[in-house]
Amino acid sequence: MTTRDHIDSGMTDATIASVLRARAESWRYSTAMENAAAVVANGGSLSPESRMALGYYQDGKKAAAASGRDVSGPADSTGGDRIAAAYKNLGGNA
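Think of each chain on its own: its residues are numbered from 1, step by step along the sequence as written. Under the rules for a predicted model, residues below a pLDDT of 70 receive no local features and side-chain atom pairs below 80 are neither given nor counted, while totals for whole chains, interfaces and linings still include all residues. To get the side-chain values, take all heavy atoms of the structure and skip hydrogens and water.

Peer 1: Quick question: what am I supposed to make of the nonpolar core here?
Peer 2: For soluble globular proteins, the rule of thumb is that nonpolar side chains tend to be buried together. Throughout this description, the term nonpolar core refers to a set of buried Ala, Val, Leu, Ile, Met, Phe, Trp, Tyr and Cys residues connected via side-chain atoms within 4.5 Å. Partly exposed describes any residue whose relative accessible area lies between the buried limit of under 20% and the exposed limit of over 50%, with all areas from a 1.4 Å probe on protein chains only and scaled to the type maximum. Among the nonpolar cores identified, the biggest contains nine residues, and these are Trp 27, Met 33, Ala 36, Ala 37, Leu 46, Leu 54, Tyr 57, Ala 64 and Val 71. Beyond its immediate sequence surroundings of up to four residues, Leu 46 is in contact with Ala 36, Val 39, Val 40, Arg 51 and Leu 54. Any two residues whose heavy atoms approach within 4.5 Å at even a single point are treated as in contact.

Peer 1: Explanation requested: the side chain of Glu 34 in the structure shown.
Peer 2: Assignment of secondary structure puts Glu 34 in helix α2 (residues 31-41). Here a polar contact means two N or O atoms within 3.5 Å. Within protein one must be a hydrogen donor candidate and the other an acceptor candidate, and residues neighboring in sequence count only if both atoms are side-chain atoms. At 2.7 Å, the side chain of Glu 34 and the side chain of Tyr 57 are in polar contact. Residues within four places of Glu 34 in sequence aside, it is in contact with Tyr 29, Tyr 57 and Lys 61. Under the scheme used here, helices are H or I runs from DSSP no shorter than 4 residues and strands are E runs no shorter than 2 residues, and both carry numbers assigned from the N terminus.

Peer 1: How should I be thinking about the packing of helix α1 (residues 13-26) against helix α3 (residues 48-66) in this particular structure?
Peer 2: Two quantities define a packed helix pair, namely the angle between the helix axes and the distance between the axes. Axis lines are fitted through C-alpha atoms, for helices just across the contact stretch, and the angle between N-to-C directions can take any value from 0 to 180 degrees. Between α1 and α3, whose axes approach to 7 Å, the crossing angle comes to 95°. The pairing of α1 with α3 is recorded here as roughly perpendicular in orientation. Where α1 abuts α3, its residues Leu 20, Arg 23 and Ala 24 lie against Asp 59, Gly 60, Ala 63 and Ala 64. Under the scheme applied here, ten amino acids are nonpolar (Ala, Val, Leu, Ile, Met, Phe, Trp, Tyr, Cys and Pro), four are charged (Asp, Glu, Lys and Arg), and all others, including Gly, are polar. Here the contact of α1 with α3 is built from residues that sort into four nonpolar, one polar and two charged. An angle below 35 degrees is read as roughly parallel, one above 145 as roughly antiparallel, one from 65 to 115 as roughly perpendicular, and any other as oblique.

Printed below as a string of structure tokens:
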């Protein structure tokens, strides 16, 4: 992990795992954030507030993907089977 992930490098492994688990569990697909990411990818600029929100959204998305969730779209991000699979994947990381 790096400070780019908004994680303090002085945290214990257990604390980092807890932070990532919380991010993965709370992440929800957002069309607005996906559109903002596309603007940035195409060289556009965002307000400071939008950039900060996008950074946290992307960190949550990365944690959700790492925990086994399908983060490709709105229907896929909240399905019961996928959430159950994410919890199963996180169980071994405590």
